[in-house]
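Residues per chain, in single letters:
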Amino acid sequence: MANTSPCTPPSKSHPRLPPDTVPVQRFASSSEYRSGDLSLGRKAVLKDVEKYFQVPFANLIHSLFGSLPSNVAQIRQNLVEDGILNFDSDGFQVAPDQSNLSESNTFQPLVDIASKIFSRTPDSKFSFVSTPSTTPQSERRDTARPDCCVVRKDLAADGIHWFDVAVPVEFKKSARLRSQKDNEQKIVWNLHSIMREDPLRRFALGITIENTSLRLWCSSRAFLAASDPVDFLTSIDDVISLFHRIGNADEVQLGWDPTVERFYKDNKVQYAFKIGGQIFRTTSLLASYGADAIISRGTRVWEATDATGNVVVIKDSWRDEDRDAEGLIQAKIFADIRNKLGPEEETKARKYFLQVLLYEDVCVSGEIDKTLGLREEGGSRWIQLPTEPMLSERRHLSSSGHIPDSDPLPTGRTRFHRFPHNRKVHARTVFREVGVPLANLTLLADCLACLSDSQKALYYMHRVGWVHRDFSVTNVLWVEKDGQGVGKLTDLEYAKRVDSTTSHEVRTGTMHFMAVEVEVQHYAFLPKHNTSGEMVPFRMNYLHDIESQWWAAMWMLLYHAADPASPNHDITAQLTCLRQAFPPSNYRQTRLLFFQHPASFQAFRVLSAAYRDACSPIVSLAFHIQECHLKAEKDYPEIRVDENLLVDVHKHASDAYSGSLEKISRSGIALTPLTKKRCSSSLSSEPENKRAKYA
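Residues numbered from 1 in each chain as written. Predicted model: local features only at pLDDT ≥ 70, side-chain atom pairs only at ≥ 80, totals over all residues. Heavy atoms only, no water.

Considerations on the sheet that holds strand 20 (residues 436-437)
Taking strand neighbours across the sheet as the criterion, the three strands line up as 20-22-23 in an open arrangement whose pairing is antiparallel. Lying at the two open borders of the sheet, with one neighbouring strand each, are strand 20 and strand 23 (484-489). As defined by bridge partners, strand 22 (residues 476-481) adjoins strand 23 across six bridges and the pair is classed as antiparallel. Following the sheet pairing, W478 is matched in strand 23 by G487. Of the strands in this sheet, strand 22 and strand 23 touch helix 11 (residues 444-463), which is tilted by about 110 degrees from strand 22. (Pairing = 2+ DSSP bridges. Helix = DSSP H or I, 4+ residues; strand = E, 2+ residues; numbered from the N terminus. Contact = heavy atoms within 4.5 Å. Axes fitted to C-alpha atoms, helices over the stretch in contact; angles between N-to-C directions.)

Listed below in structure tokens is the structure:
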């Protein structure tokens, strides 16, 4: 059997393993962002981006478009001859901040310059239009209105959609700090709208202008960049060059993905992906919440069909450049199982993992598609974004596949450290099977079977020295075939060998299901009288995976109630317990208390009577996981999960899930979200003349 002892060496004579990857919270996953309130949504987006990378104007232009055009002087002369470029006697007799005209009229001369450059560009696919009163159409009911836009010429008959916007432009007559910050917030939201609306966008560009200062923006899945400001009066050649580059660019240069095509079927947007030389056509969107945050993996998942009609799942995402592809990670895990446990065990193990059909890194123009590579060099610096939105507008629509929760948007700054950007690689994975996430299952027996099977998957990983590191209710699926169901573990992007010497910059954490030690990034179960005085880097081990699964199980039990409701079920008490176990991010310390003392939070009593006794072993599993943490950390600074401890904790986990399943397997207990139960209960108690308000 494999050595299953992730150990921090006790002596300084041994090389220490590097600290584990620090988790970072995504505010675009918060309930406030999903509420639809645009002001709260903007706040979440700004908190996620947090800062932008400011670089010299020429550097950003060169990174995006290559060397400068040689005919800038000729273009300038043509604009002068056409009467368009004449700042001394025409539209800019005074600087914009001294103008008495409206913003749109004040900046019309600059709009005319850009429009003329675009019109003189042979075969340009784009036009420069003023849009101060136009809201681009959106699948998500977005109300943002850029002042100007570079848009595709082949617009649909119903007008501009975010799909069509190549470069949004925001301008202000004033150069005061408030105007600059307002423009920054608006352009970030515009770029966010493009990236979340359009699966075809690999990156997006934007322009802001305050008085005469112009900045170019670039948003990718790795970072947000902005150029140093240039004065469009004194550096007109830079501005001419910028608009000339954009006007001459093709869709790929402006961020569109040539390996995907959009089409409409039954009045719904669908996509055709070219992967591994095959064409896959989507039939439904399964999850898009991973694309809500600009700086993220940008994960979207679709159900699709291949050329012969076979149903598959397509996952499109961006991974850190120094991480392996998910398909490769799975292949390595299976290889380790085969080599260490034997081919028969590998065959058994495959049953509990979602099967990868194929995977590849996306190629664009003959090269692997990666985010822009900008270096921290002379003149570049990171600048903090304002996080308090200045505008509040009507609601936007939430994305698909979110985990329901009681988590409002945290106040203040996130306490997790965010490192400078790391380049990301655009990747796609095709899975053979379509499943239902644990979060969406409606039969208790299916939920418990899913947990039981995923525990088997974790056990196979742990036996050969791998940790999953991101277990959640969306990362384990219930797959049915020929009337039989099985739980399958997926989302292996963050999985790694427990003794790996690599440490990545940053990763997104599924906060609700994160082991409490992983969240706080230190060992919490040390001996009471630890006197070593030695600090060791925190690293995840097998116990943290088991604890994450326990949190997922508790969410499943506390978030739902039996349907029909059990007599005298106190929904309010259960909802209170749910909020204590899965609290807002600025009250996360209650998670540790809940984990250590679930009984004191009434976790045994608040569950529906229909399954309270049957599932009590799952609640009690917390005590045994704590005991295992204590045993693993008793010889600190050496942290050891040896083979006996690993077998022991998995046996208790297996007994808890399979034992509970055995007790209710034939009960047919259905589950419904607790919030719906509370709403239904409130309605049933309302007088008849008040119920109409809820209709």
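Observations concerning the packing of helix 3 (residues 57-65) against helix 8 (residues 236-248)
Close contact between helix 3 and helix 8 brings their axes to 11 Å; oriented N to C, the two are set at 15 degrees. The pairing of helix 3 with helix 8 is recorded here as roughly parallel in orientation. Of the two elements, helix 3 crosses helix 8, and the hand of that crossing is left-handed. Between helix 3 and helix 8, the residues in contact are F57, I61 and F65 and D238, L242, R245 and I246, respectively. The residue makeup of the contact of helix 3 with helix 8, split by class, is five nonpolar, no polar and two charged. (Parallel < 35°, antiparallel > 145°, perpendicular 65-115°, else oblique. Left-handed = near helix turned anticlockwise from the far one by under 90°. Nonpolar A, V, L, I, M, F, W, Y, C, P; charged D, E, K, R; others polar.)

Observations regarding the pattern of salt bridges
If you walk through the whole model with that rule in mind, you get 32 salt bridges. Ionic pairing is found between D361 and R319, a salt bridge with its closest N-O pair at 2.7 Å. Here the residue D361 occupies a position in strand 15 (residues 356-361), and R319 occupies one in strand 14 (residues 311-320), the gap between them amounting to 42 residues. In this structure, R463 engages E345 in a salt bridge whose closest nitrogen and oxygen atoms are separated by 3.8 Å. Highlighted residues: R463 in helix 11 and E345 in helix 10 (residues 343-350), separated in sequence by 118 residues. Under the relative-accessibility criterion, R463 is labelled buried at 15%. Each of R297, K315, E326, D491 and E493 takes part in a single network of salt bridges with overlapping partners. (Salt bridge = Lys/Arg side-chain N within 4 Å of Asp/Glu carboxyl O. Buried < 20%, exposed > 50% of the residue type's maximum accessible area, 1.4 Å probe, protein only.)

Details of the sheet that holds strand 13 (residues 299-305)
With antiparallel pairing, seven strands are arranged side by side in an open sheet as 10-11-12-13-14-19-15. Two strands bound the open sheet, and with one partner strand each, they are strand 10 (260-265) and strand 15. Pairs of neighbouring strands in the sheet enclose a mean axial angle of 30 degrees, with direction left out of account. Across six bridges, the pairing between strand 12 (residues 278-290) and strand 13 is antiparallel. When the sheet's bridge partners are listed, T282 is paired in strand 13 with A304. In the packing of helix 9 (residues 326-341) onto the sheet, the strands contacted are strand 14, strand 15 and strand 19 (424-431), and the crossing angle to strand 15 comes to about 130 degrees.

Considerations on helix 2 (residues 38-49)
Its 12 residues place the ends of helix 2 16 Å apart at the C-alpha level, agreeing with the 16 Å of an ideal helix rising 1.5 Å per residue. Looking one or two residues past helix 2, E50 carries a phi angle of roughly 70 degrees, positive in sign. (Expected span 1.5 Å × (residues − 1).)

Let's talk about the packing of aromatic side chains
One pass over the structure, following the stated rule, counts 22 aromatic pairs. The interplanar angle of 90 degrees and the centroid separation of 6.4 Å between the aromatic rings of F513 and W555 together place this pair among those described as edge-to-face. Of the two residues, F513 sits in the loop between strand 25 (507-508) and helix 12 (516-520) while W555 sits in helix 13 (residues 542-559), which places them 42 residues apart along the sequence. Ring geometry for W550 against F595: centres 5.4 Å apart, planes inclined by 65 degrees, an arrangement best described as edge-to-face. Here the residue W550 occupies a position in helix 13, and F595 occupies one in helix 15 (residues 589-596), the gap between them amounting to 45 residues. Take W550 and F595: they sit in the same class, and that class is buried. (Phe/Tyr/Trp six-rings, centres within 6.5 Å; stacked < 30°, edge-to-face > 60°.)

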